[in-house]
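For reference, the chains in residue letters:
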Amino acid sequence: MATDPLAVGQRSLGDPAVGYPLWPPLTEGCPRTSTDSVSYPVEVDYAYDRVPDGLFGSADATAARHGLDRWAPLLPPLAAPGLGEGGTPLVDLGGGVLVKDESRNPTWSHKDRLNRCTVSAALACGAPGVVVASSGNHGAAYAARAGLRCVVLTSPQPPPAVVSFLHAYGAEVLPVPVEARRPLMRRVHEEYGLHPVSSLTPTHTGHPFGAEGYKTVAYEVFREVGLPAAVFVPTGYGELLFGVAKGFAEIRRLGLASAVPRLFSCEPAAGGPLAAAIRRGLPAVTVPVGPTDAYSIACQVGGYRGVRAMGDSGGEALLVADAELAGARRELARAGLWTELSAAAGLAGLRQYGADRFDGPVVCVSTSSGFKDIAVGTLRVPPPAPDWATVRRRLDEPRL
């Protein structure tokens, strides 16, 4: 079966009639449709009429290819070596609720799917490395694997465990104020030639190749359970949401399904730029962000990708409070899944909305491991006196 990439160009989300060649990746969105107030992303277009018939068929047809490599025809060229990303399990919570556990990726995050694609772009462009503004999940492992430099501009107080994780891969970690991250990223890109793999624009566009990697979440869900009734997605800038939506739309376009599942974006109630944009009927907005521990999806600025993703599915933009996130994280832990607080947003959104409102399986995407949380490493357990009476009292204490 042919496995050559079928990517043929880039297309504006602001006006699908506006197209560009595949190279170079338009890392600042569409120059023709963007305005001073809204940056419109571009997406990768494909020769869909050449998709191999067996791509979504039995595993035997692509036995030698796993994870993202299996889906190479519907992805940008994968120039960078992989780390086994993709192929994550669906964990059954009962009652028709399935959790797509993205913590099983190589760096315990859904962003490994994106990073394989963006680092591939950097390598193919001949860049000496990548630069990213990130909470810490972006690119360092894939840059190291490809032999590229990695500079990460992160928040002023990043989780210590995440800093250790990034340093282990040789990344240069620069904690700076949030408002300085994008301007500094641009200077690093301009002066050092590092390829920008996160957004440079006032409203979020992101890397055009990145969200393509997230389509494979939809592909894997479809191959395992068919078309679910709904998918609940933790949402920050909306890249994962857009990728999942595009993956299911492509499945419909290829004639493998007659519909798409309802998509539900799940943002922290402390912010929620996507929910605000949909409520106001705008392509993207900026909102104030209040206190929240869901730091990796607590976004002030939104992007048009999320609005586009929601438009076709009949779903809703949900806002979940930290207490709801904590409850969902406890439920996942009781099922054996240790997740970051932000990663529990999908299940928190479902519990808020109600699982009994769907006829068919519902998938909640869980994006990353609890290792990524802010408080990791701060829990201290007081040692008991080493006598049976004390130990027994400890064992008889009620648990959460």
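Within every chain, residues take consecutive numbers counted from 1 along the sequence as written. pLDDT decides what is reported in this predicted model: residues at 70 or higher carry local features, side-chain atom pairs at 80 or more are listed and counted, and totals for whole chains, interfaces and linings draw on all residues regardless. Think of the side-chain values as coming from all heavy atoms in the structure, minus any hydrogens and water.

A. The arrangement of the overall build of the protein in detail. If you tally the helices and strands in the protein, you get 12 helices and 13 strands. Over its C-alpha trace the protein gives a radius of gyration of 21 Å, about what one expects of a compact globule, namely 21 Å for 400 residues. Viewed in the frame of its principal axes, the protein has a C-alpha envelope of about 75 × 50 × 45 Å. Working definition: with a 1.4 Å probe on protein chains only, accessible area under 20% of the residue-type maximum means buried, over 50% means exposed, and in between means partly exposed. Evaluated residue by residue, the protein yields a buried proportion of 56% over its 400 residues. Contacts are assigned to residue pairs with any non-hydrogen atoms lying within 4.5 Å of each other. Summarising the internal contacts of the protein: among those between residues at least 6 apart in sequence, 68% fall at separations of at least 24. In summary, the charge assignment counts Lys and Arg as positive and Asp and Glu as negative, without counting His or the chain termini. Here the site of a charge means atom NZ of a Lys, CZ of an Arg, CG of an Asp or CD of a Glu. With 37 positive and 38 negative side-chain charges, the protein shows a separation of 2 Å between the mean positions of the two kinds. Strands here are runs of E lasting at least two residues and helices are runs of H or I lasting at least four, both read from the DSSP assignment and numbered beginning at the N terminus. In this description the radius of gyration comes from C-alpha coordinates, and the expected globular size is given by 2.2 Å times residues to the power 0.38.

B. The arrangement of the pairing of strand 8 (residues 172–175) in detail. The rule for pairing is simple: two strands pair if DSSP sees at least two bridges between them. By the bridge criterion, 4 bridges tie strand 7 (residues 149–154) to strand 8 in an arrangement that is parallel. Note that in strand 8 the partner of Val152 across the bridge is Val173.

C. Seen up close, the packing of helix 8 (residues 273–280) against helix 9 (residues 304–311). Only the stretch in contact is used when fitting a helix axis, every axis being a line fitted to C-alpha atoms; angles between N-to-C directions are given from 0 to 180 degrees. Between helix 8 and helix 9, the least distance of the axes is 9 Å, while the angle of their chain directions is 65 degrees. Of the two possible hands of crossing, helix 8 and helix 9 adopt the one that is right-handed. Residue-level contacts link Leu274, Ala277 and Ile278 of helix 8 to Gly306, Val307 and Met310 of helix 9. Classification convention: Asp, Glu, Lys, Arg as charged; Ala, Val, Leu, Ile, Met, Phe, Trp, Tyr, Cys, Pro as nonpolar; all other residues, Gly among them, as polar. Here the contact of helix 8 with helix 9 is composed, by residue class, of 5 nonpolar, 1 polar and no charged. The sense of a crossing depends on the near helix, which, turned anticlockwise from the far helix by less than a right angle, makes the crossing left-handed and, turned clockwise, makes it right-handed.

D. Representation of the sheet that holds strand 11 (residues 262–268) in the model. Spatial strand order, 4-5-13-10-11-12: 6 strands in an open sheet with mixed pairing. Each of the sheet's edge strands pairs with one partner strand only, and the pair in question is strand 4 (90–94) and strand 12 (317–320). In this sheet, adjacent strand axes meet at a mean angle of 25 degrees when their direction is disregarded. In the sheet, strand 10 (residues 230–234) pairs with strand 11 via 5 bridges, with the strands oriented parallel. From the neighbouring strand, Phe232 faces strand 11, where its bridge partner is Phe264.

E. Geometry of the state of the cysteines. When the sulfur atoms of two cysteines come within 2.5 Å, that pair is taken as a disulfide. Evaluation of the coordinates by the stated rule reveals 0 disulfides. Note on Cys117: no disulfide assigned, nearest cysteine sulfur contributed by Cys125 at a separation of 13 Å. Classification of Cys117 by relative accessible area gives buried; the value is 1%. Take Cys266: it sits in no disulfide, and the sulfur closest to it among the cysteines is that of Cys364, at 7.4 Å.

F. Structural detail: the packing of aromatic side chains. Two aromatic rings from Phe, Tyr or Trp, using only the six-membered ring of Trp, form a pair when their centres are within 6.5 Å; if the ring planes differ by under 30 degrees the pair is stacked, by over 60 it is edge-to-face, and anything between is tilted. A complete count under the given rule lists 17 aromatic pairs for this structure. Centroid distance Phe56 to Trp71: 4.9 Å. Interplanar angle 45 degrees. Geometry classified as tilted. Of this pair, Phe56 sits in the loop between strand 3 (42–46) and helix 1 (67–70) while Trp71 sits in the loop between helix 1 and strand 4, and the two are 15 residues apart along the sequence. Each member of the pair Phe56 and Trp71 is classed as buried. Where Phe56 meets Phe222, the ring centres are 6.4 Å apart and the plane angle is 75 degrees; that geometry is what we call edge-to-face. Here Phe56 is found in the loop between strand 3 and helix 1, whereas its partner Phe222 is found in helix 6 (residues 210–225), with 166 residues between them in sequence. Both residues of the pair, Phe56 and Phe222, count as buried. Taken together, the aromatic side chains of Phe56, Trp71, Tyr219 and Phe222 make up a single cluster linked through ring pairs. Directly above the ring of Trp71 sits Arg70, whose terminal nitrogen or CZ lies 4.8 Å from the centroid. Lysine NZ or arginine CZ positioned within 6 Å of the ring centre and within 35 degrees of the ring normal marks a charge as sitting over the ring.

G. Quick peek at the sheet that holds strand 2 (residues 19–20). Strand order in the open sheet formed by 3 strands is 2-1-3, and the pairing between neighbours is antiparallel. The open sheet has two edge strands with one neighbour each: strand 2 and strand 3. With 5 bridges connecting them, strand 1 (residues 7–12) and strand 3 associate as antiparallel partners. Each bridged residue has a counterpart across the sheet, and for Arg11 the counterpart in strand 3 is Glu43.

H. Structural view of the environment of Ala72. Topologically, Ala72 is positioned in the loop between helix 1 and strand 4. When the C-alpha positions of Ala72 and Gly213 are compared, they lie 9.9 Å apart, and in sequence the two are 141 residues distant.

I. Main features of the environment of Ala298. On the secondary structure map, Ala298 appears in the loop between helix 8 and helix 9. Distance in space between the C-alpha atoms of Ala298 and Pro21 is 34 Å, their sequence separation being 277 residues. Not counting residues up to four positions away in its chain, the partners in contact with Ala298 are Pro268, Val289 and Thr292.

J. Just the packing of helix 7 (residues 239–253) against helix 9, in detail. Following both chains from N to C, one finds helix 7 and helix 9 inclined at 35 degrees, their axes separated by 8 Å at the closest point. Taken as a pair, helix 7 and helix 9 cross one another with a handedness that is left-handed. Facing helix 7, whose interface residues are Glu239, Leu241, Phe242 and Ala245, helix 9 presents Arg305, Gly306, Ala309 and Met310. Tallied by class, the residues present in the contact of helix 7 with helix 9 amount to 5 nonpolar, 1 polar and 2 charged.

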